[in-house]
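Next come the chains, spelled out residue by residue.
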Amino acid sequence: MELQDRGKMHECQEKQLAGICRKLLDEGKGDVILAYAGGEIENSTIPLFIRGCGEIERLKYDEYCYPNLAKYLLENKGKTGIVAKPCDARAIAMYIAENQLARENVYIIGMECNGMKNMDGSLAPGCCECSVHVPPLFDVLVKCNGEVVEREQYTNTGAPAGYEDDAVFNAVTGESGNAGDDNGVNEDKPLEDKSLERFKKELDKCILCFACRQACYGCYCPVCFMDRTMPAWISTDPGMGAKMVYHLGRAMHLAGRCVECGACERVCPSGVKIRYLIKEINSFCKDVYGYRAGMNPGEYPVLAAFNKDDKEIGFLRSE
Amino acid sequence: MDNNTGCKPEKDTGWEPRIVAFLCNWCSYAGADLAGTGRLQYPPSIRIIRVPCSGRLNPLFIIKALAEGADGVMVSGCHPGDCHYLTGNMYARRRFVILKKLLETAGIHPDRVHFTWVSASEGGRFAEVVKEVTERVRKLGPSNITENTGKI
Ligand code: SF4
Ligand code: SF4
């Protein structure tokens, strides 16, 4: 897709979005709507909490709407509307699956999405390899061409609720563009290098600031294991061991729950690229257990369920 | 390794693997007991930690053990279907499979971490398992994962 087309696409979506928000407020379907506003820095957006029609003026939707807003939902107990890209919608579906959120308390304005950009114009971290272009869960969908579809209408057409791969996406939208194409380079393709050196090289850069944890939709524990003192999982002198406990521990907590939004990588101040661990586990869960995070809010997360005949891959002397 | 374990260090290198073993109370720990009362020989390389169930095992235990310098980790529970708490080891099984994959991705050799099932009547199997695990870890040499090698 040409860059200009993309700009136009977001303009159409933005216009529709403003209309939908106004309607929502009028109908009282949400006390607050989570959306995006332009940031002070060029090519950035910040979260916008729309409580009245005045705030709708500030609404913005362009290719820099990379933040994942889903985590704010956990802080609001009332009815909330939210502008959700596919990865945000998957996060919401996970919250519902994990009983953190009631479906009736959230009104999801799904946005068909072709990938967001970093401030420097390159494709944002999770978007490079993203294959879900339509939110798997929404109440109303704003398509790339600006068309607005209600959920009932959408399911009546028999279209799948969340495209799994580009082939379906392209067949449905009739275009060949996908997230990876304009920028060509795709730095973090699933990596072959699974060496300890690589892992340690990334750990070396980490300063344990926990920005990745704060940004992740899935890290919502009231007290993170890294902040515990009883037991203290890390020593007061954080070295390689502490970083290892943190990153492997977090990867384990996100195993099969990561919605591939890339937020952790985007917010890291020291450019740590350790998401490959979680990505690998995600594709493993998909292959072995047929589970993909956030595609179905009615499904148990992979580690919260079991099957009597689960394979014992890598077990010693398994019969 | 010091003498209170009653073992002699390997002659040439002086190094013996130190393996942390998490055994479930109801099967594997009893299995280890049976191996003991049956006077079965197995290498003294393991340090046993008793847990109520393999499902009690927080993956962080294993990660932490490795980060603290253990040369290997071994986990054993009841065979699937025999869990004292009915489903504990079923949940644990998925967790272990995924954890092992994760550690492998991070570059930690798969032979450093072992999961298996040993029932209370399988003293012989327990001794065999410990022998096998020790041999595999011995081949890999001392842990290269963190700077804590040899501290535990
Ligand atoms: S681990 Fe990273 S990519 Fe996955 S859901 Fe959390 S922030 Fe997003
Ligand atoms: S954001 Fe980066 S530096 Fe901070 S804890 Fe996460 S990986 Fe480490």
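Reading guide: rules and limits
What you see as residue numbers is a count from 1 along each chain, following the sequence as written. Chain labels run from A onward and ligand labels from 1 onward, assigned in the order the entries are written. With the structure being a predicted model, the display of local features is reserved for residues of pLDDT at least 70 and the display and counting of side-chain atom pairs for 80 or more, all residues being used for whole-chain, interface and lining totals. Calculated side-chain values reflect all of the structure's heavy atoms, with hydrogen atoms and water omitted. Cysteine sulfurs are considered disulfide-paired once they come within 2.5 Å of each other. Secondary structure counts use DSSP, requiring at least four H or I residues in a row for a helix and at least two E residues in a row for a strand, with both numbered from the N terminus. Each residue's exposure class comes from its accessible area (1.4 Å probe, protein chains only) as a fraction of the maximum for that residue type: buried when under 20%, exposed when over 50%, partly exposed otherwise. Here, any two strands with at least 2 DSSP bridges between them count as paired. Helix axes are fitted to C-alpha atoms over the stretch in contact, other axes to C-alpha atoms as well, and angles between N-to-C directions run from 0 to 180 degrees. Contact criterion: two residues are considered in contact whenever any of their non-hydrogen atoms come within 4.5 Å of each other. Boundaries between domains were set according to an automatic or database domain assignment. By definition, the buried area sums, over both parts, the 1.4 Å-probe accessible area that each loses when the two are put together. Take a side-chain nitrogen of Lys or Arg and a carboxyl oxygen of Asp or Glu: if they are within 4 Å of each other, that pair is a salt bridge. N or O atoms within 3.5 Å of each other form a polar contact, as long as, within protein, one can give a hydrogen and the other can take it, and as long as residues adjacent in sequence are counted only when both atoms are side-chain atoms. Each residue gets one label: Ala, Val, Leu, Ile, Met, Phe, Trp, Tyr, Cys and Pro are nonpolar, Asp, Glu, Lys and Arg are charged, and the others, such as Gly, are polar.

### Describing the state of the cysteines
All names here are of chain B.
Here's step 1: Tallied over the full model, the rule gives 1 disulfide over all chains.
Here's step 2: Across the disulfide from Cys27 sits Cys78; the S-S distance is 2.4 Å. Its torsion about the S-S bond being 100 degrees, the disulfide of Cys27 and Cys78 is classed as right-handed. Placement of the pair is Cys27 in the loop between β1 (19-24) and α1 (28-37) and Cys78 in the loop between β3 (72-77) and α3 (88-105), with a sequence separation of 51 residues.
Here's step 3: Judged by relative accessible area, which is 8%, Cys27 ranks as buried.

### A short note on the sheet that holds β1 of chain B
All names here are of chain B.
Here's step 1: The parallel open sheet is built from 4 strands, whose spatial order is β2-β1-β3-β4. Among the strands making up the open sheet, the edge pair consists of β2 (46-51) and β4 (113-117). Strand-to-strand, the axes of this sheet are offset by a mean angle of 20 degrees, without reference to chain direction.
Here's step 2: Here β1 runs beside β3; their pairing, made up of 5 bridges, is parallel. Paired with Ile19 across the two strands is Gly72, which belongs to β3.
Here's step 3: Helix α2 (residues 59-67) rests against β1, β3 and β4 of the sheet, and its axis sits at about 155 degrees to β3.

### Let's talk about the domain arrangement of chain A
Residues and elements named next belong to chain A.
Here's step 1: Looking at chain A, the domain boundaries give domain 1 (3-182) and domain 2 (196-304).
Here's step 2: Across the boundary between the two partners, domain 1 contributes 26 residues, which contact 26 residues of domain 2.
Here's step 3: Each partner contributes to the roughly 2200 Å² buried at the junction of domain 1 and domain 2, and carbon and sulfur atoms together form 56% of this total.
Here's step 4: When the buried area of domain 1 at its contact with domain 2 is split by residue, Lys71, Arg90 and Met94 rank highest and sum to 29% of it.
Here's step 5: Counting every contact that joins domain 1 to domain 2 gives 4 salt bridges.
Here's step 6: Its salt-bridge partner being Glu129, residue Arg275 comes within 3.1 Å of it at the nearest N-O pair.
Here's step 7: Inspection of the domain 1/domain 2 interface yields 13 residue pairs in polar contact (both at pLDDT 80 or more).
Here's step 8: Across the side of domain 1 that touches domain 2, the residue classes tally to 15 nonpolar, 6 polar and 5 charged.

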